[in-house]
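# Examining the three-dimensional arrangement
Given next are the chains, with one letter for each unit.
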Amino acid sequence: AQSVTQLDSHVSVSEGTPVLLRCNYSSSYSPSLFWYVQHPNKGLQLLLKYTSAATLVKGINGFEAEFKKSETSFHLTKPSAHMSDAAEYFCVVSDRGGADGLTFGKGTHLIIQP
Amino acid sequence: NAGVTQTPKFQVLKTGQSMTLQCAQDMNHNSMYWYRQDPGMGLRLIYYSASEGTTDKGEVPNGYNVSRLNKREFSLRLESAAPSQTSVYFCASKGPGQHYEQYFGPGTRLTVT
């Protein structure tokens with residue numbers, strides 16, 4: 001069975017400082033991994049995805065994530081936080097074909113201090 | 001190309017009332033999903049449909065029914081609403097295979113009093 005753990009329910013950083021949102025996963029197969037962002041009162045939007053090509057994945061709005069198989073991690077980073085990054089972030093693992101092979105993390109709430 | 005659309009955006013029901021949440025996608029995706037989102041719980045899968053004519057239960061199906069009307073449309077029905085069903089409901093669709101991401105609708109905010 002697959003699972004996803006987002007290690008922090010809340011992360012607070014100052015504007016202009018780096019962001020690190022942590023995600024660990026477990027999977028019996030070679031997984032695909034996704035990060036989604038949800039701004040207040042909005043739907044979820046794809047930030048980036050890993051699908052077994054390059055292990056360092058670049059996404060929208062300056063975010064990137066590195067797939068580390070040895071650590072079963074897929075942490076999301078950004079060099080410099082912006083106020084507009086304040087949102088909920090979800091890590092998702094998919095390791096099977098078919099409609100039901102998706103598992104969501106519980107989410108990390110990112111707070112940006114001015 | 002509208003992506004995934006949901007109606008209504010907001011709804012208030014009294015306990016025991018019924019309603020149907022509508023979802024449609026224009027990306028020719030086979031797979032469609034219904035989730036509910038509650039504070040601190042992330043997204044929980046209610047039902048999904050791998051293709052037209054098939055539906056399967058997710059993590060929290062009790063109190064809900066679904067219909068995959070055609071390839072585009074996937075509706076969620078609450079037959080007798082309860083306060084525990086107060087939530088934000090999201091519909092999503094996805095292409096085939098594990099490498100494809102889901103596309104989400106804007107959500108329906110439902111309050112049951």
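In short, a report on the structure. On a predicted model such as this, the values are computed, not experimentally measured, just so you know.

## Concerning the environment of Ser-67 of chain B
Residue and element names in this part refer to chain B.
- Here Ser-67 lies in strand β7 (residues 64–68).
- Once the C-alpha coordinates of Ser-67 and Pro-106 are considered, the two residues, 39 residues apart in sequence, prove to be 20 Å apart.
- The contact partners of Ser-67, leaving out residues within four places of it in the chain, are Glu-73, Phe-74 and Ser-75.

## Quick word on the state of the cysteines
- This structure, assessed with the given rule, holds two disulfides over all chains.
- Covalent S-S linkage joins Cys-23 of chain A and Cys-91 of chain A, the inter-sulfur distance amounting to 2.0 Å. The S-S bond linking Cys-23 of chain A to Cys-91 of chain A shows a torsion near -70 degrees; that makes this disulfide left-handed. Of this pair, Cys-23 of chain A sits in strand β4 (residues 23–26) while Cys-91 of chain A is found in strand β10 (residues 87–94), placing the two residues 68 residues apart along the sequence.
- A relative accessible area of 0% places Cys-23 of chain A in the buried class.
- Exposure remark for Cys-91 of chain A: the relative accessible area of 0% places this residue in the buried category.
- Here Cys-23 of chain B connects covalently by a disulfide to Cys-91 of chain B, the sulfurs 1.8 Å from one another. Residues Cys-23 of chain B and Cys-91 of chain B are joined through a disulfide that is left-handed, its torsion about the S-S bond being -70 degrees.

## Description of the interface of chain B and chain A
- Across the contact, 23 residues belong to chain B and 26 residues belong to chain A.
- Taken together, the two surfaces of chain B and chain A that pack against each other cover about 1800 Å², and 54% of this comes from carbon and sulfur.
- If you look at where chain B meets chain A, you find one salt bridge.
- One salt bridge connects Lys-49 of chain A with Glu-101 of chain B, and the closest N-O pair in it is separated by 2.6 Å.

## Remarks on the packing of aromatic side chains
- A full pass over the atoms with the stated rule returns 13 aromatic pairs over all chains.
- Here the aromatic rings of Tyr-25 of chain A and Phe-67 of chain A are separated by 5.8 Å at their centres, their planes lie at 25 degrees, and the arrangement is stacked. Remark: Phe-67 of chain A occurs in strand β8 (residues 64–68) and Tyr-25 of chain A occurs in strand β4; sequence separation between them is 42 residues. By the burial criterion, Tyr-25 of chain A is buried, and Phe-67 of chain A matches it.
- Every member of this aromatic cluster is reached through a ring pair, and the members are Phe-34, Tyr-36 and Phe-104 of chain A together with Tyr-33, Tyr-35, Tyr-48 and Phe-104 of chain B.

The rules behind the values
- Residues numbered from 1 in each chain as written.
- Chains lettered and ligands numbered in written order.
- Predicted model: local features only at pLDDT ≥ 70, side-chain atom pairs only at ≥ 80, totals over all residues.
- Heavy atoms only, no water.
- Helix = DSSP H or I, 4+ residues; strand = E, 2+ residues; numbered from the N terminus.
- Contact = heavy atoms within 4.5 Å.
- Disulfide = S-S within 2.5 Å.
- Buried < 20%, exposed > 50% of the residue type's maximum accessible area, 1.4 Å probe, protein only.
- Buried area = accessible area lost by both parts, 1.4 Å probe.
- Salt bridge = Lys/Arg side-chain N within 4 Å of Asp/Glu carboxyl O.
- Phe/Tyr/Trp six-rings, centres within 6.5 Å; stacked < 30°, edge-to-face > 60°.

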